[in-house]
Amino acid sequence: MKIKDFGVELYMNAYEDNCRYNLAETCVSTLTVNEFLELTGDKDRILNDILSFRLTYSHIEGSPGFKEGVCSLYSSIKPENITATHGAIGANSLAINALVEPGDEVVSVLPTYQQLYSIPESIGAKVKILPLNMENRYLPNLGLLKEYMNPNVKLVCLNNPNNPSGSVMDKDYLTRLIDIVRPYGAYILSDETYRGLTHEGENFTDSIADLYEKGVSTSSMSKTFSLAGLRIGWVAAPKEVVSLVNKHRDYTTISCGVLDDYLAAAALAHKGKIVERNLKIVRDNIEIIDHWVNSNPNFSYVRPNGGTTAFVKLNFDIPSKDFCLKLLESTGVMILPGSVMDTEGFVRIGYAFDPEMLEAGLAEISRFTKELLAQ
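All values reported here derive from a predicted model rather than from experimental measurement. (Residues numbered from 1 in each chain as written. Predicted model: local features only at pLDDT ≥ 70, side-chain atom pairs only at ≥ 80, totals over all residues. Heavy atoms only, no water.)

Trainee: Sorry, what's going on with the overall build of the chain here?
Mentor: Looking only at helices and strands, the chain features 14 helices and 13 strands. In terms of overall dimensions, the chain has a C-alpha envelope of 60 × 55 × 40 Å along the principal axes. Per-residue burial for the chain yields a buried fraction of 58% across its 375 residues. Sequence separation of at least 24 residues holds for 74% of the intrachain contacts in the chain that already meet a minimum separation of 6. (Helix = DSSP H or I, 4+ residues; strand = E, 2+ residues; numbered from the N terminus. Buried < 20%, exposed > 50% of the residue type's maximum accessible area, 1.4 Å probe, protein only. Contact = heavy atoms within 4.5 Å.)

Below, the structure written as structure tokens:
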């Protein structure tokens, strides 16, 4: 199997350990073990439980506690609709490999997480790109989707809230999209890793798994719960899809880590406090980046409605990777070039961490850009 280089991961791996200000970060300010346990209010019991664990395999498809916790994030999903995976990256990979065969057609939004279009392509599917753009506020063009649909389309891949733009499809938009897909019997896979971080109103957007009988939701503990070090995620889907996923999973996973599973279950049992903390961070910090963009004529964007990242347009003619590498070398500020997400002319900036670091990093970007364009 041949597959394209994973642009984002290669770039992050190359540079994120050697920067002063990591504005390419996508997780909400990561919790220490102690901070996490304090937020649960159940620190002593959790620690005592862990000390008694044998470091053997965990429950193969996720423990009952973990599955019940995941179910609490949905309105109709039951434990039999859940399987645990190695993060959302494992969930996406398993779901796509379980559902897509050579010769199938797949529709995927772009920009998005590269798995959603590169994995189907590597399998031998014909991938049609549904472009997201500023003019449509990074929402899928439903008219174009209707043109793309035919009986050969096996899977439509979405990302809600979207990485990198922060666009959010609400229930009405998703329902209209489902109405286009349903007559063809295609599955819809929605990477919902940033679900729970909508900036206004109800923070948990409706999930595709609750709205569509062939909806597949993937997510993890990394972004919304600030626990990326727990390498655990999940697929939430119809039972027949979970069964297919588990057939592939037997070859890749066996089980997730016993400590990861236990701590994830504890986090989900106390999700209210964790999500409250993280919502405050993203809702406060979006104001910082919004003020910066609106005060700086060298950049423009569509204000994100959710998630932890902004997709910022460069209003000058320099390749995004050249700009980002020069910025990193000169200032120590790391942001992500749009070219590694197959969208040139933009940069992705994360904002869900310490506000002082965010403000300092943005100030460095402004200063550097002004000096660069004056040369």
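Trainee: How should the sheet that holds strand 6 (residues 187-191) be read in this particular structure?
Mentor: Sheets are built from strands paired through backbone hydrogen bonds, the pairs being either parallel or antiparallel. Judged by pairing direction, the sheet is mixed, and its seven strands sit side by side in the order 2-8-7-6-5-3-4 without closing on themselves. The sheet is open, and its two edges are formed by strand 2 (82-85) and strand 4 (126-131), each paired on a single side. Taken pair by pair, the neighbouring strands of this sheet meet at an average axis angle of 20 degrees, ignoring direction. Of the strand pairs in this sheet, strand 5 (residues 153-159) and strand 6 are connected by five bridges, and their pairing is parallel. Opposite Leu155, over in strand 6, you have Tyr187 as the bridge partner. Sheet contacts for helix 5 (residues 87-99): strand 2, strand 5, strand 6, strand 7 (215-220) and strand 8 (233-236); angle to strand 7, the most-contacted strand, approximately 155 degrees. (Pairing = 2+ DSSP bridges. Axes fitted to C-alpha atoms, helices over the stretch in contact; angles between N-to-C directions.)

Trainee: Teacher, can you tell me more about the environment of Pro151 here?
Mentor: Within the fold, Pro151 resides in the loop between helix 7 (142-148) and strand 5. Spatially, the C-alpha atom of Pro151 lies 5.5 Å from that of Tyr184, the residues being 33 residues apart in sequence.

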